[in-house]
Amino acid sequence: MSTHAARLLEPEGHLRVTPDGHGITANGVAMHSGLPQGPSDGAGHPPQAVDGKWFRSVLGHFATGVVAITAVDPDSGEPCGLAANSFTSVSLDPPLVAFCVAHTSTSWPRLRAAKTQTVSVLAEHQEQVCAALAGRGGDKFAGLEWTESPGGNPVIADALAWIDCSVEAEHPAGDHVIVVARVHQLGLQGDGGPLLFFRGGYGRFRT
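The rules behind these values
Residues numbered from 1 in each chain as written. Predicted model: local features only at pLDDT ≥ 70, side-chain atom pairs only at ≥ 80, totals over all residues. Heavy atoms only, no water. Pairing = 2+ DSSP bridges. Helix = DSSP H or I, 4+ residues; strand = E, 2+ residues; numbered from the N terminus. Salt bridge = Lys/Arg side-chain N within 4 Å of Asp/Glu carboxyl O. Buried < 20%, exposed > 50% of the residue type's maximum accessible area, 1.4 Å probe, protein only. Phe/Tyr/Trp six-rings, centres within 6.5 Å; stacked < 30°, edge-to-face > 60°. Core = buried A, V, L, I, M, F, W, Y, C linked by side-chain atoms within 4.5 Å. pLDDT = per-residue confidence, 0-100. Contact = heavy atoms within 4.5 Å.

Engineer: Looking at this structure, I do not really get the pairing of strand β12 (residues 161-173). What am I missing?
Structural biologist: Each regular strand shows side chains that alternate between the opposite faces of the sheet. Sheet topology places strand β9 (residues 117-121) next to β12; five bridges connect them, and they run antiparallel. Its bridge partner being in β12, Val 121 is matched across the sheet by Ala 161. In this sheet, strand β13 (residues 176-188) lies alongside β12 in antiparallel orientation, the contact comprising twelve bridges. Among the inter-strand pairings, Ala 169 is bridged to a residue of β13, identified as Val 180.

This is how it looks when you write it as structure tokens:
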């Protein structure tokens with residue numbers, strides 16, 4: 001997988017990146033004898049509290065895909081959305097998926113107010129789509145091409161797949177909320193590889 005530096009993103013959907021990666025850029029992790037070196041208390045013992053910067057650094061080694069979560073704001077009638085890398089399937093029966101959203105997200109209240117939400121699985125060339133939807137304020141959909149899902153929400157053009165779902169449950173978890181959603185309809189759309197997120201950068205599979 002190849003990676004390159006990511007843009008500054010609003011941590012709405014658990015994408016936490018700054019220009020220097022806050023310790024999770026592709027070349028910013030200290031290594032020794034094949035093991036990452038975390039902070040200590042000076043006596044060789046790990047501290048009781050987990051350092052947030054080190055937490056992001058270590059967890060940044062877990063590669064994920066990136067999705068766009070979209071809906072139509074029932075108040076304004078305008079499309080709204082956010083980008084997330086904390087997305088997973090949960091259950092086949094009933095069909096459930098889940099994603100995490102920061103408590104500070106300004107987009108999630110608008111998405112949550114809609115009857116349904118749509119997940120678009122972003123393709124490897126859609127870094128700019130991710131950056132647009134992860135930004136704060138302004139028209140996130142300016143310049144983005146999309147079509148309507150059966151549920152009436154934006155499906156990002158050229159995304160690999162789409163999923164229409166609705167909120168089944170929300171579970172507070174630290175500084176995020178875990179959203180469990182029931183799948184109503186889904187389908188394949190594009191071809192090619194996925195957009196990946198790894199060590200603070202975007203990536204793609206090498207073929």
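Engineer: Can you help me understand the pattern of salt bridges in this one?
Structural biologist: Opposite charge on two side chains permits pairing when their charged atoms draw close. Scanning all chains against the criterion turns up three salt bridges. In this structure, the salt-bridge partner of Asp 73 is Arg 110, at a minimum N-O distance of 2.7 Å. Here the residue Asp 73 occupies a position in the loop between β5 (67-72) and β6 (79-84), and Arg 110 occupies one in helix α2 (residues 108-113), the gap between them amounting to 37 residues. Among the residues examined, Arg 110 registers a relative accessible area of 32% and is labelled partly exposed. Note that Arg 112 is salt-bridged to Glu 170, the shortest N-O span being 2.3 Å. Of this pair, Arg 112 sits in helix α2 while Glu 170 sits in strand β12, placing them 58 residues apart in sequence. Taking the relative accessible area as the measure of exposure, Arg 112 reaches 47% and is therefore partly exposed.

Engineer: Is there a simple way to think about the packing of aromatic side chains in this case?
Structural biologist: To describe a pair of aromatic rings, you give the distance between the ring centres and the angle between the ring planes. For the structure shown, the criterion picks out three aromatic pairs. Ring geometry for Phe 141 versus Trp 146: centroids 6.3 Å apart, planes at 75°, classification edge-to-face. Under the relative-accessibility criterion, Phe 141 is labelled buried at 7%. The exposure class assigned to Trp 146 is partly exposed, which follows from its relative accessible area of 33%. A centroid spacing of 6.0 Å and a plane angle of 70° characterise the contact between Phe 197 and Tyr 202, whose relative ring orientation is edge-to-face.

Engineer: Looking at this model, I keep getting lost on helix α3 (residues 127-134). Mind explaining?
Structural biologist: Owing to its 3.6 residues per turn, the α-helix brings residues three or four apart onto one side. Most of α3 sits out of view: six of its eight residues are buried. All buried positions along α3 are accounted for by Glu 127, Val 129, Cys 130, Ala 131, Leu 133 and Ala 134.

Engineer: Explain the nonpolar core here, please?
Structural biologist: For soluble globular proteins, the rule of thumb is that nonpolar side chains tend to be buried together. Formed by 19 residues in total, the largest nonpolar core has its most connected members in Ile 69, Leu 82, Phe 99, Val 101, Trp 108 and Leu 111. Secondary structure elements with two or more residues in this core: β5, β6, β8 (96-102), α2, β12 and β13. A total of four residues in this core trace back to one element, the largest contributor, which is β13. Core analysis: the next-biggest nonpolar cluster, separate from the first, contains 15 residues, Leu 144, Ala 159, Leu 195 and Tyr 202 among them.

Engineer: Just to check I follow, could you spell out the confidence of the model for the protein for this structure?
Structural biologist: Regions with low pLDDT should not have their predicted coordinates read in detail. The predicted model of the protein has a mean per-residue pLDDT of 82, with 77% of residues at 70 or higher. Counted against residues more than four places away or in other chains, residues 2-11, with its pLDDT under 50, gives 40 contacts. Contacts from residues 16-37, a stretch scored under 50 in pLDDT, to residues over four places away or in other chains number 38 contacts.

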